[in-house]
Amino acid sequence: MRKALVYLMLFLFTTLSFATEKKMSDTQTKVKLTTSLGAIVIQLNNEKAPISAANFATYVKEGFYNGTIFHRVIPGFMAQGGGFDTGFNQKSTNPTIQNEADNGLKNTRGSLAMARTNAPHSASSQFFINYKDNSFLDHTSPTPSGWGYAVFGEVIEGMDVVDAMAKQPTGNRGGHQDVPKTDIVIETAEIIE
């Protein structure tokens, strides 16, 4: 009887440990972007931004970001990518997603947020990394002007690479401004944890 109780306790402890590990890993997805300037590691926040994080992870798994560029880089503001290939052709995307900017996460330095048009729920594949605290991009109200930009992760390694992007000369290309004159390519994007 005592032996059976010990086995039962071991089984429950192992099951609870596995469940806790799984829950922690569900909120700690890490993505590595290997760029032409170096590697950037991003930790997604699956707990507070489940839709945006899952959307980004889906694009990563599909290989969508491989060969795309950071097509808009504004020093002191942000670096945007995830939509254009090296020929500056806009890639076809999956359907747009619900804006999660009301999740409590802020557009602080190193945070990763969904790019979108003026329509609040128009984000698809494009994202940006904040160079500084950009509180004016945060959610203030569920109105067209107050929705903000949904933060769903943060750079945990390679912010020096992101900073190096801001030192690249930019210009106009295909009707777009602030485009790096030398392509900053996401060579590969992969989930590493």
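Residues numbered from 1 in each chain as written. Predicted model: local features only at pLDDT ≥ 70, side-chain atom pairs only at ≥ 80, totals over all residues. Heavy atoms only, no water.

A separate point is helix H2 (residues 50-61). Its 12 residues give H2 an end-to-end C-alpha distance of 16 Å, which sits within 8% of 16 Å, the value for a rise of 1.5 Å per residue. Of the positions making up H2, those classed as buried are Ser52, Ala53, Asn55, Phe56, Ala57, Tyr59 and Val60. For H2, the secondary structure elements touched by its buried residues are strand E1 (30-35), strand E2 (38-44), strand E5 (111-114), strand E6 (127-130), strand E7 (151-157) and strand E10 (185-191). (Helix = DSSP H or I, 4+ residues; strand = E, 2+ residues; numbered from the N terminus. Expected span 1.5 Å × (residues − 1). Buried < 20%, exposed > 50% of the residue type's maximum accessible area, 1.4 Å probe, protein only. Contact = heavy atoms within 4.5 Å.)

This next bit is on the environment of Ala57. With respect to the element layout, Ala57 can be found in helix H2. Residue Ala57 is classed as buried on the basis of its relative accessible area of 9%. Other than its neighbours up to four places away in sequence, Ala57 contacts Leu44 and Ile191.

It is worth spelling out the sheet that holds E7 at this point. The eight strands are arranged E1-E2-E7-E5-E6-E4-E3-E10 in a closed barrel whose pairing can be described as antiparallel. Strand after strand, the sheet turns through a mean of 35° between neighbouring axes, direction not considered. Running at roughly 110° to E10, H2 makes contact with E1, E2, E5, E6, E7 and E10 of the sheet. (Pairing = 2+ DSSP bridges. Axes fitted to C-alpha atoms, helices over the stretch in contact; angles between N-to-C directions.)

To continue, consider the packing of aromatic side chains. This model, assessed by the stated rule, comprises 11 aromatic pairs. Measuring from ring centre to ring centre gives 5.3 Å for Phe56 and Phe152, while their planes differ by 55°; the resulting arrangement is tilted. Residue Phe56 is located in helix H2, and its partner Phe152 is located in strand E7; the two are separated by 96 residues in the primary sequence. As far as the burial class goes, Phe56 and Phe152 line up, both buried. Plain terms: the ring middles of Phe64 and Tyr65 are 5.5 Å apart, the flat faces sit at 85° to each other, and that makes the pair edge-to-face. (Phe/Tyr/Trp six-rings, centres within 6.5 Å; stacked < 30°, edge-to-face > 60°.)

What follows deals with the side chain of Gln126. Position of Gln126 relative to the elements: it lies in the loop between E5 and E6. Relative accessible area serves as the criterion here: at 14%, Gln126 is assigned to the buried category. Within polar-contact distance, the side chain of Gln126 engages the side chain of Gln80 at 2.7 Å. Those residues in contact with Gln126 that lie beyond four places of it in its chain are His71, Gln80, Gly81, Gly82, Gly83, Phe84, Gln90, Met114 and Ala115. (Polar contact = N/O pair within 3.5 Å; in protein donor to acceptor, adjacent residues only side chain to side chain.)

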